[in-house]
Amino acid sequence: VNEETELVERARQGEKDAFRELVERYKKRIYSLSRDLTGNHHDAEDLSQEVFIKAYRSLKDFRGEAQFSSWLYRITVNTSISQRRKKSYTALILHDPEENDRSENPGQAVLAAGQDPERSAEAGLMQIHIDAALQQLAPREKSIFVLRHYHDLPLKEIAETLNISLGSVKSLHFRAIKRLQKELSFYREEFGLEDSQ
Amino acid sequence: MSDCRKCRAMFTEALSDEFSQEQRQWFFDHINACPDCDAEYQALIRAVQTMKQRTLDEPGDAFWDTYWDRLEKKLPDRQQTGFPQRTWWQQLSGRGRFQPQLAYRFAVGVALIAVGVLIGKFYFSGSEPTPHTLVMQAKRDTSAQHVALETRTNRYLDRSKILLLGLVNFDTKNEDAYALDIPYQKQISQDLVQEADYLKDQLTEPSQQQVRELIISLEMILLQIANFENQNDLAAIEVVKSGVDETGILLKINLDMMNRQGQLPGTTTEQKKINQIHI
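Here, residues in each chain are numbered from 1, in the same order as that chain's written sequence. Numbering of ligands from 1 and lettering of chains from A proceed in the order in which they are written. It should be noted that, the model being predicted, local features are given only for residues of pLDDT at least 70 and side-chain atom pairs only at 80 or more, the latter also being counted only at that level, while totals for whole chains, interfaces and linings use all residues. Excluding hydrogens and water, the side-chain values take into account all heavy atoms of the structure.

Notes on the packing of helix α2 (residues 16-38) of chain A against helix α8 (residues 125-135) of chain A
All names here are of chain A. Where we set the bar: To get an axis, fit a line to the C-alpha atoms, keeping to the stretch in contact for a helix; angles then go from 0 to 180 degrees between the N-to-C directions. Secondary structure follows DSSP: runs of H or I at least 4 residues long count as helices, runs of E at least 2 residues long count as strands, and numbering of each begins at the N terminus. Here the word oblique covers every angle except those under 35 degrees (roughly parallel), over 145 (roughly antiparallel) and from 65 to 115 (roughly perpendicular). In this description, contact between two residues means that some pair of their heavy atoms is separated by no more than 4.5 Å.
Their axes nearest at 8 Å, the elements α2 and α8 cross at an angle of 80°. Comparing the axis directions of α2 and α8 gives the class roughly perpendicular. Taken together, the residues of α8 that come into contact with α2 (itself represented by R35, D36, L37 and T38) are D131, L134 and Q135.

Considering the interface of chain B and chain A
Threshold: When two parts are brought into contact, each loses some accessible area as probed by a 1.4 Å sphere; the total of that loss over both is the buried area. Here, a salt bridge means any Lys or Arg side-chain nitrogen found within 4 Å of an Asp or Glu carboxyl oxygen. Whenever two N or O atoms come within 3.5 Å, that pair is a polar contact, provided that in protein one can donate a hydrogen and the other can accept it, and provided that, for residues adjacent in sequence, both atoms are side-chain atoms.
At the interface, 40 residues of chain B touch 54 residues of chain A. Carbon and sulfur atoms supply 60% of the area that chain B and chain A bury against each other, a total of about 4,800 Å² over both sides. Summed over the three residues of chain B that lose the most area to chain A, namely M51, R54 and W68 of chain B, the buried surface amounts to 16% of that side. Measuring nitrogen to oxygen at the nearest pair gives 3.7 Å for the salt bridge that ties R148 of chain A to E18 of chain B. Linking chain B to chain A there are 14 residue pairs in polar contact (both at pLDDT 80 or more).

Let's talk about the pattern of salt bridges
Residue and element names in this part refer to chain B. The following threshold applies: Burial classes: relative accessible area under 20% of the type maximum marks a residue as buried, over 50% as exposed, and values in between as partly exposed (1.4 Å probe, protein chains only).
In the structure shown here, the tally under the stated rule is 24 salt bridges over all chains. Residue K200 is joined to E219 by a salt bridge in which the shortest nitrogen-to-oxygen separation is 2.7 Å. One end of the pair, K200, is in helix α11 (residues 182-202); the other, E219, is in helix α12 (residues 209-226), with 19 residues separating them in the sequence. Of the two residues examined, K200 and E219, each falls in the buried class. A salt bridge links K241 to E238; its shortest N-O distance comes to 4.0 Å.

Remarks on the packing of aromatic side chains
Cut-off, in case you're wondering: Aromatic contacts are taken between Phe, Tyr and Trp rings whose centres are within 6.5 Å, Trp giving its six-membered ring; a plane angle under 30 degrees counts as stacked, one over 60 as edge-to-face, and the others as tilted. In this analysis the charged atom, NZ for Lys or CZ for Arg, is taken to sit over a ring once it is within 6 Å of the ring centre and within 35 degrees of the ring normal.
Applying the stated criterion across every chain yields a total of 21 aromatic pairs over all chains. Ring centres 6.3 Å apart and planes at 55° place the aromatic pair F19 of chain A and W68 of chain B in the tilted group. Separated into two different chains, F19 of chain A in helix α2 and W68 of chain B in helix α6 (residues 67-74) make up a pair that spans both. When sorted by exposure, F19 of chain A lands in the same class as W68 of chain B, which is buried. Geometrically, the ring pair formed by Y31 of chain A and W64 of chain B is edge-to-face, given 5.4 Å between the ring centres and 90° between the ring planes. Of this pair, Y31 of chain A sits in helix α2 while W64 of chain B sits in helix α5 (residues 61-65), which puts the two residues in different chains. Each residue in the set F174 of chain A together with F11, F19, F27, F28 and Y41 of chain B is aromatic and connected to the rest through ring pairs, giving one cluster. A cation sits over an aromatic face here: K6 of chain B above W26 of chain B, 4.3 Å from the ring centre. Directly above the aromatic system of Y198 of chain B lies the positively charged group of R152 of chain B, at a separation of 3.8 Å from the ring centroid.

Shown next as structure tokens:
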């Protein structure tokens, strides 16, 4: 941690090599979180790079009150939410009805992707459906679920990272799981996998 | 709270395994004794376990090896990031050598400005202002103050209107409260409450009493927004929405702005008085 504090301080002074070292340390974690939040590789790369650019710009404001990793996580979640808002706005203006239909029912998207049963099996229907279910969550719900279950952050740390109360984290976490349960029920019913759990 | 409700309120802690020993004991005692809670809990566990079966395709080494190179091209310059900047002297003597030409040019520039100021003082400060010019100056000043106050009042009403429209159109049942960004709304409301203090002090003339009262009514609603408790304070949002609805404050703002801009039909002095009575 001390070594990291020193790296952060050097990066704050504008030393690019120190910032590069920080990027090397965190690029996989931030990419992985970005992948969870965006649902695809291309957007995840864009988001993770945007996070590091924002971090570079705002380093002067980082006072070390939170962990550097928590700070990066917060930037990732906030950037993801604002990008999603921009995309929603663009989608609203362009109004692609097909896109709307797909987002309203992930199960149908799964079926469309897997009309050929063999191909569907190869593509890993379950993975597709899990991804689709995750993308159905509201941005904050998704962030909390992902940070808790894919990145193993305790609820309290999530509250600090997202700068919201522990009570809110708990209630959003519960809502996320209930919604996932509902989304996954379609999958279990459609593919007869009720007993596979 | 019944035991079942208490148990369900602990599901999040249970699924995250963030219990105290005592809580854990109580929770599982209840789960073992209550089939309904047990069934609901098991269903939630299944959902989480299914989600945890997710695997991601890792990008290859080539992606990671070139990650920094791609990022570095997009990083802003040092000047754009607010990193500690060099002083003007450091910049002047940058790259380890003093640049006398720049210093001479700077000195000549300062000298020319000083000469200009002296000439201006010599030619234009000779005559004392007459009473007439003083009166005209005072009138101009008062008029300018009026315009500034009018602009500030309009801006205040505009910002309040946009803030309230955002809240009124927010559907607490179907939309995510985080999309509303309550901390930001609170900050704007606090700014507006401060601005209201200033405006109330300045709007003292009889013709300004109508807008002053409007600002006082608005202040009550803005204070409620400024005191929202957290991101999920949906009940408070509903209270504000019904307050806006009951007071018809948005309509009053629109009418007041139209009235002061002379857009209402027949906005003569007499008509303005009539409009004031209606509002």
